[in-house]
Amino acid sequence: MMKVLLTALAASCFLVSAQAKIRVVVSIRNQSAWLINGNRILMTSAVSTAKRGMHTPTGHFQVSEKDASHISTIYHVAMPFYMRLSGRPFGMHAGYLPGYPASHGCIRMPRQMAALFFRNVNVGTSVRILSN
């Protein structure tokens, strides 16, 4: 937890320029996400992906929509800093992280980290979700 906070504090003043080669990689196995510029990791966050019986899709996606105050039309709950992936009904957003996979398919992040990722990605940013 302390490492995440220190990473967030170090990155809190950092905004990536539109010219940068920013991408996001999510590991379902490690329950982690990385914001990467080229080959340099800028931020790391714990995540919570789909619980047993649900599914977080894997593969290559793009941020197709950003909504800082999104409300789920399926579950009718707030999903702050929502980043929809490839127009599909899932994405990355702030939410509860119990320390294990617990979502209905979205990638939940701590609020502070979701805000930082949200500020540093653009519509079109590449997101790769790995099952390994």
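Up top is the structure these notes are about.
Our subject in this report is the structure included herewith. In this text the structure is predicted, and so the values were computed from the model without any measurement.

### Some points on the nonpolar core
Here's step 1: Formed by 30 residues in total, the largest nonpolar core has its most connected members in Leu-85, Met-92 and Phe-117.
Here's step 2: For this core, the element with the highest residue contribution is helix 2 (residues 111–120), accounting for six residues.
Here's step 3: Beyond its immediate chain neighbours, meaning those up to four positions away, Phe-117 contacts Val-24, Ala-33, Trp-34, Leu-35, Met-43, Ser-45, Met-83 and Met-109.

### Concerning the layout of surface pockets
Here's step 1: Here the largest pocket is characterised by a volume of approximately 430 Å³.
Here's step 2: Every residue lining the largest pocket is counted, 24 residues in all, and those nearest its centre are Ser-72, Tyr-75, Met-79, Pro-89 and Cys-106.
Here's step 3: Contributing elements (two or more residues each) for the lining of the largest pocket: strand 5 (78–85) and strand 6 (91–94).
Here's step 4: Element by element, the count of residues in the lining of the largest pocket is highest for strand 5, at four residues.

Procedures and definitions
Throughout, residues of each chain are indexed from 1 in the direction in which the sequence is written. Per-residue local features of the predicted model are confined to residues with pLDDT of at least 70, and side-chain atom pairs are confined, for both listing and counting, to 80 or more; whole-chain, interface and lining totals are unaffected and use all residues. As a convention, hydrogens and water are excluded, and side-chain values are obtained from all of the structure's heavy atoms. Residues enter a nonpolar core if they are buried and are Ala, Val, Leu, Ile, Met, Phe, Trp, Tyr or Cys, with the set joined through side-chain atoms within 4.5 Å. Throughout, exposure labels follow a simple rule: accessible area from a 1.4 Å probe, protein chains only, divided by the maximum for the residue type, with under 20% read as buried, over 50% as exposed, and the rest as partly exposed. Helix and strand assignments follow DSSP, with helices taken as H or I runs no shorter than four residues and strands as E runs no shorter than two, numbered in order from the N terminus. By definition in these notes, contact holds between two residues if any of their heavy atoms fall within 4.5 Å. Grid points spaced at 1 Å and placed over the protein atoms alone form the basis of the search, with a cavity being a set where a 1.4 Å probe fits but cannot get out and a pocket an open set showing protein on both sides within 12 Å along at least five of seven lines. Lining residues have an atom within 4 Å of a point. Grid points are joined across faces, edges and corners, and a volume is the space filled by probe spheres set on the points.

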